[in-house]
Amino acid sequence: MLLFATQAGLFAAELEARGFLRGIGRTILFIIIILVVIGGLIGFSVARKFGQRR
């Protein structure tokens, strides 16, 4: 019975860790997407400014 309780506790801890890591991964992905969009907008703005100077 003690062995079963120990394994159930380890399994619960593993699931909790996976959920935590999944949350961090989702946050990092969201930040990367925001940075890419901001970089694209800045690049487009700079390209328009340099294109008008010609």
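As a reminder, the structure under discussion sits directly above these lines.
All figures in this text were calculated on a predicted structure; none of them were measured in a lab.

What counts, and where the lines are drawn
Residues numbered from 1 in each chain as written. Predicted model: local features only at pLDDT ≥ 70, side-chain atom pairs only at ≥ 80, totals over all residues. Heavy atoms only, no water. Helix = DSSP H or I, 4+ residues; strand = E, 2+ residues; numbered from the N terminus. Buried < 20%, exposed > 50% of the residue type's maximum accessible area, 1.4 Å probe, protein only. Areas by Shrake-Rupley, 256 points an atom, 1.4 Å probe, with all protein chains shown as cover. Patch = residues over 30% accessible without salt bridge, like charges linked within 9 Å, V, L, I, M, F, W, Y side chains within 5 Å. Salt bridge = Lys/Arg side-chain N within 4 Å of Asp/Glu carboxyl O.

**Student:** Please explain the overall build of the protein chain as it appears in this structure.
**Tutor:** Broken down by element type, the protein chain carries one helix and zero strands. Counting all 54 residues of the protein chain, 0% fall into the buried class. Looking at the protein chain as shown, the accessible area adds up to about 5300 Å², and 73% of this sits on carbon and sulfur atoms.

**Student:** Even after reading the chapter, I still don't get a nonpolar patch on the surface, so can you show me in this structure?
**Tutor:** Together, Phe20, Leu21, Ile24, Ile28, Ile32 and Val36 make up a nonpolar patch on the protein surface, roughly 600 Å² of accessible area in all. With a relative accessible area of 57%, phenylalanine 20 lands in the exposed category.

Taken by themselves, the reported measurements are silent on function.
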